[in-house]
Amino acid sequence: MKRKTMIVFLVSIILLISSPMLISAKSKDTSKIIIVNLNIKNDNVTLLDKNINFSHPPNIGLQPNFFIVKLIATDKKIIKEFGIWDPRLSIGDEIIYYENGTMEFLGGIASYIDDVNFTVTIPFYKNIEMLNLYENETGEELISVYLRDIVLDFCEQNPNDPDCVCKEETPILYILFIIFIVLILITLYVIKIRKR
Amino acid sequence: MFHKKFLLVVILLFIISFSPLINSVKPEDLCSYDGPDVSEDYLELTNFIVEGPDEPDVGDSLRVRFTLRNVGNNPIDFTDKGVFAAVRTSFYNIKDFGFTFQEQTLDPYEVVNFDANITVDVRAYWQIWPSYEYMKPVWSPVLKKYVYFRTLGPNHWHECQLTICPDYCKDGTHYYNGHADQEGNCSYLTEECEYGCNENETDCSNVSRIKIIDGPSVDIDDFYCWPRAHIYWRLNIAGTGIVYYREFGSLEWLNTSSYTWDSTTHGHYIYYLKPDTTYYYYVKSCGPDDCVESTWDEFTTTNMLHVEDVSVSELTSRTATISWKTHCYSSGESAFSGNRVLTNYTVYVVPTMYSHLPYPPWSSVRNETLDFEHSVTLRGMLDEDKNYTFFIQACREDGICVNSSLYTFETKEQEFPQIFGMNIEPTHHSVDISWSTYLYLNTTIFLYDYASYTGPESWLQKKGDSNFVSDHSFYFEGLSEGTRYFFIIKHCIPAKCNSTGEYFFTTTSCYDGILNGGEYNVDCGGPCDTPCAEIRYECTWCHENITPVHLQGSPANKIDVVFIASKTSRDRVNKRNVISTEYTGNKTKFVKVVKDLVQNWFLKLDTLVSEPIPSDFKSRFNFYYYWDTTNFGDAFDGCSGKLPKNFWDIAPFCDVAGILYPVYWVNGTAEGGGCANGLGPRSQFKGPGFNGYVTIHECGHAIFGLVDEYCGTTHYSQNDPYSNVWKSLRRCQDYVTGEGWDPGDCRQIMWDNVSTPEVECTKNYWRWNPDPEIMECACGLFGPASVRRINYMFNNIAAWRR
């Protein structure tokens, strides 16, 4: 009887400790992105739409900083800050080709077109609240896009998504729960021994 | 008790919260005095307010209000002036107004409410106060009765002082920083307005009138076959630019293809001009507020008919190649443009021994090459070991001809043997070699392993003809894949033998870094019978329209490049965009173009750099192509083209999207160039699928964030960190010194016209890379400064993990 009780006790502890690990194990690619489609015209930036998809973001943040993007968390801290190119500006080269394989460089083009749609794609951050876009030279805020709503919508529709599970709170509650169970088991064990 | 305290606190909080409203003065209240104040005449003043605009000026109205109450025991008899507002401007000009309650009596406790307006008529120091005049009774001890005197209210009684000296503009002079002087008149600082006053005449006009401050000047570029004119000018402020021109005798004004680009410097080329022709031209620029046109001027193009740099090469016993350079292309070429003069080139050759005759027996060969550099091979008209004389004749279609000088050459003695039609076709493990000779020969071919060659006797295999033949063909088996071999051939006739030099070839191999057709998740290099590499990656992030051609792992830390087929190309002759199905109607061809670019350019990047790049650079790229038969790119919609609709939704992981367009030849020429939107990911570019160098140049922008190093109307910036262009000589020198390079090689981005000493293009940016450099000419190599930046991008591409 004593041995049986001990085995039950140990198995319970192991199950309690290992179960969160089993639950959290990822079995597929759950990378997500937040896509923010914008338009710039007459230096005014407007939001076209915003959504969340399952995919990978492009590697950005290595461009000359015409504009600055700041990703702001719900605690108002900056999650990430990076520069992007002015979507209105293109750099071109005028070239003439000849059938014998030669070509002639005629010069360059710097094309500046107003009224352009452009996209900022970022990784999914569960704690993101805003995407702010600034003009780098002046620091002027061009647009502030509220993203908390689409994150909450996504998590409501995908409650089992790993990025939507409350990872930070679960361990504390879980540890308290384990301590509570362990204490009860120990108490029962001690009472049983004393009865003998 | 507690309730009382609580109530008090609430009331106090209420009062405090509303106190700003109580104390606030309305914006239009220029002065206010709540009062009360009682004069010696027992008149109590309250609620004295002067209202008006924040900054009153001439023409504005001021409203004056106050209340007087008789707080004495006796009635007050006002005179014909009654109650009024006393006004002084410039201390001495009296402008009293609003006379009311005239010749009336104000009984004790009665009030007079004054409310009147005055229009500001002068910029000056204004004093306004409530006033009145009444008949004051004074006891006369002589007359034993009261006598009455006209008595005014207190002088400057709670007066309102206004300095009405606002900025204004008149007759092209701006008066500002106004203040009242000792006499109460307004004193101003002044400035002359270059462009007069603004509409409200409150300030100088801020119209930015655009002016041409230098030029327009014209340079005729006669380096090429067709004359072209370079017209350049400078503006006082940034503006657009366009050149209008017309041929002498024509009424139709043409213009340069314009693009909106705000710049103070403009330089436009006019192409396709006729030689020996006069043109009129003028330029037009527009700034933010107005436009300016230059006066007409003219230029005359030069005649390009000219032959130079004549040389003889590849001399054999019976052939010789004559080469020369021209400013024009040859006949077929010059026909494609109606503006050009047709030019033919013909080489006349004769044995020198007959050249002195009055009518030498010339043989002639007409030139058909399409280039600045021409060459013809004289064949069938020469004998061995003989001296010949020749000249080149250039003729325009209008009959004007120019003959070059006379030149001579001497043919060689007959060589043994002459070989032609050499063809080498290696596979993974074998090679087919064939060639022909003019003579019937007995042949032996010796095959060597390039790596283990120790001498002529170290051949791996040898084979020979059994008879004397003129067509020779040999097949070698048992070779190693991906290995370089060479061979020599020994030809014999009964009298003598002769050996050739070394010929090289490399057998094909697997693992070429490309996922070819049929190689799903496996890299077999060329065609393989069985899979020769293990499956490593599955593109779980690929939409059904995205197909990987070179997949090395998750896009998180790879440079992901997606190629898109363009449905358009460019007709150079008619200067229009054209629909082309060369790629969109032939997926196999487009995929081949993509694979050729990937295999022969991107994955050979290590051969295009002057300094090492990461040895595993191939594994830092993922390449894909996009294919949707209903949704293609358009390379010529905008500078960098238009991507298929919803492309970024389908391929959000894409770092660089490249639209490839097919060539559209018309009479042997095409145009298109390239364009990039973005220096570094995430970006998009367009490039010619048929020209790897130009596409690599565009990817220099789009992938690696490199800046153009040639001089033109492109965009320049110092692309820190690891720049290839700097915005000052000092910055360039500091950087290259830090790299241990020679700062003396820092040079300004400019272009010197070869034919004229003057500088045609200069930018305030500096470069260091040695020429030829890919960002300078889409030729040569990426210079060391560019390689530094390329390596920086390679090492930082996993941006989200930093």
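Rules of the game
Residues numbered from 1 in each chain as written. Chains lettered and ligands numbered in written order. Predicted model: local features only at pLDDT ≥ 70, side-chain atom pairs only at ≥ 80, totals over all residues. Helix = DSSP H or I, 4+ residues; strand = E, 2+ residues; numbered from the N terminus. Contact = placed C-beta atoms within 7 Å. Buried ≥ 20, exposed ≤ 12 C-beta atoms within 10 Å, placed from the backbone. Pairing = 2+ DSSP bridges. Axes fitted to C-alpha atoms, helices over the stretch in contact; angles between N-to-C directions. Core = buried A, V, L, I, M, F, W, Y, C linked by C-beta atoms within 7 Å. Expected span 1.5 Å × (residues − 1). Nonpolar A, V, L, I, M, F, W, Y, C, P; charged D, E, K, R; others polar. pLDDT = per-residue confidence, 0-100.

Trainee: Account for the overall build of chain A, with residues named and values stated.
Mentor: Within chain A, the regular secondary structure consists of three helices and nine strands. When the elements of chain A are put in sequence order from the N terminus, they spell out α-β-β-β-β-β-β-β-β-β-α-α. Contacts in chain A between residues far apart in sequence, at least 24 positions, make up 54% of those at least 6 positions apart.

Trainee: Any chance you could break down the overall build of chain B for me, citing the residues and the numbers?
Mentor: In terms of helices and strands, chain B carries eight helices and 50 strands. Split into buried and exposed, the 802 residues of chain B put 34% on the buried side. Of the contacts formed within chain B by residues at least 6 apart in sequence, a portion of 60% connects residues at least 24 apart.

Trainee: Describe in detail the sheet that holds strand 25 (residues 319-326) of chain B, supporting the description with residues and values.
Mentor: Residues and elements named next belong to chain B. Pairing is antiparallel across the open sheet formed by three strands, whose spatial order is 24-25-28. Looking at the sheet topology across the chains shown, the edges are occupied by strand 24 (307-313) and strand 28 (373-379). When the angles between neighbouring strand axes are averaged without regard to direction, this sheet yields 20°.

Trainee: Please give an account of the nonpolar core that cites residues and values.
Mentor: Residues and elements named next belong to chain B. Formed by 104 residues in total, the largest nonpolar core has its most connected members in V562, Y626 and A651. Ranked by residue count, the leading element in this core is strand 40 (residues 559-565), at six residues. The next biggest cluster of nonpolar side chains, apart from the first, holds 34 residues, and it includes L45, V83, A85 and V120.

Trainee: An account of helix 8 (residues 784-796) of chain B is needed here, citing residue identities and associated values.
Mentor: Note on helix geometry: an α-helix contains 3.6 residues per turn, so any two residues three or four positions apart are oriented the same way. Residue and element names in this part refer to chain B. With 13 residues, helix 8 extends 18 Å between its outermost C-alpha atoms, agreeing within 8% with the 18 Å of an ideal straight helix rising 1.5 Å per residue. Here helix 8 has its buried residues at A785, S786, V787, R789 and I790. Where the residues of helix 8 are buried, they touch helix 5 (692-702) and helix 7 (774-777).

Trainee: Any chance you could break down the pairing of strand 33 (residues 431-449) of chain B for me, citing the residues and the numbers?
Mentor: Residue and element names in this part refer to chain B. Two strands pair when backbone bridges link them, and strand 32 (residues 419-426) and strand 33 are joined in this way by six bridges, in the antiparallel orientation. Of the residues in strand 33, the one forming a bridge with E425 is D432. Connecting the antiparallel pair strand 32 and strand 33 is a turn made up of four residues. The pairing of strand 33 with strand 35 (residues 469-476) spans seven bridges and is antiparallel. From the neighbouring strand, I433 faces strand 35, where its bridge partner is F474. Where strand 33 and strand 36 (residues 484-492) come together, eight bridges link them in antiparallel fashion. Residue pairing in the sheet places T443 in a bridge with H491 of strand 36. As paired elements, strand 33 and strand 34 (residues 461-464) share four bridges and run antiparallel to each other.

Trainee: For the environment of F149 of chain B, give the residues involved together with the corresponding values.
Mentor: Residue and element names in this part refer to chain B. Tracing the backbone shows F149 in strand 11 (residues 145-152). Between the C-alpha atoms of F149 and T79, which are 70 residues apart in sequence, the distance is 9.9 Å. Once residues within four sequence positions are removed from consideration, F149 is found in contact with K136 and V138.

Trainee: Before we move on, could you go through the interface of chain B and chain A and cite the residues and values that matter?
Mentor: Each partner contributes residues to the interface: chain B has 60 residues there, and chain A has 43 residues. Elements represented by at least two residues in the side of chain B that touches chain A include exactly helix 4 (647-650), strand 45 (669-671), strand 46 (674-677), helix 5 and helix 8 of chain B. No other element matches strand 46 of chain B, which puts four residues into the side of chain B that touches chain A. Partitioned by chemical class, the residues of the side of chain B that touches chain A number 28 nonpolar, 25 polar and seven charged.

Trainee: Describe in detail the sheet that holds strand 14 (residues 173-180) of chain B, supporting the description with residues and values.
Mentor: Residues and elements named next belong to chain B. Taken in spatial order, the three strands make up an open sheet running 13-14-15, and their pairing is antiparallel. Taken across any chain shown, the strands that pair with only one partner, and hence form the sheet edges, are strand 13 (168-170) and strand 15 (186-192). Ignoring which end each strand starts from, the neighbouring axes of this sheet average 35° apart. The pairing of strand 13 with strand 14 spans three bridges and is antiparallel. Of the residues in strand 14, the one forming a bridge with K170 is T173.

Trainee: Provide a residue-level description of unusual backbone geometry, including the pertinent values.
Mentor: Look at the link from G35 of chain B to P36 of chain B: it is a cis peptide, with omega at 0°. Looking at the secondary structure, you find P36 of chain B in the loop between strand 1 (29-33) and strand 2 (37-38). The phi dihedral of N42 of chain A falls on the positive side, at around 50°, and the residue is not glycine. With respect to the helices, strands and loops of the structure, N42 of chain A is situated in the loop between strand 1 (32-41) and strand 2 (44-54). At D171 of chain B, a position not held by glycine, the phi torsion is positive, near 50°. Following the sequence through the fold, D171 of chain B ends up in the loop between strand 13 and strand 14. What makes D171 of chain B exposed here is the crowd of 9 C-beta atoms within 10 Å.

Trainee: How would you explain the confidence of the model for chain B if you had to name every residue and give the values?
Mentor: All names here are of chain B. Considering every residue of chain B, the mean pLDDT works out to 82; 85% of them sit at 70 or more. Ignoring residues within four places in sequence, the model shows residues 6-27, a span with pLDDT below 50, making two contacts including any to other chains. Note on residues 329-341: pLDDT under 50 across the span, and 44 contacts to partners over four residues away in sequence or across chains. Interface confidence in the predicted complex, given as ipTM, is 0.74; pTM for the same model is 0.49.

Trainee: Explain the environment of V431 of chain B to me, using residue names and the numbers behind them.
Mentor: Residues and elements named next belong to chain B. By the secondary structure assignment, V431 is in strand 33. V431 sits 47 residues away from G478 along the chain, and the two C-alpha atoms are 9.4 Å apart. Leave out the neighbours within four places in its chain, and V431 touches I424, E425, P426, F476, L479, F505 and T507.

Trainee: Hey, could you go over the confidence of the model for chain A for me, with residue numbers and the actual values?
Mentor: When pLDDT is averaged across chain A, the result is 79; 78% of the residues are at 70 or more. Within the model, pLDDT remains below 50 along residues 18-27 of chain A, and this stretch shows three contacts once partners closer than five positions in the same chain are excluded.

Trainee: Please provide a residue-by-residue account of the environment of I546 of chain B, values included.
Mentor: All names here are of chain B. Following the sequence through the fold, I546 ends up in strand 39 (residues 546-550). Of the residues examined, I546 has 20 C-beta atoms within 10 Å and is grouped as buried. It is 4.7 Å that separates the C-alpha atoms of I546 and Y626, two residues lying 80 residues apart in sequence. Excluding residues within four positions of it along the chain, I546 makes contact with V562, Y624, Y626, I650 and A651.

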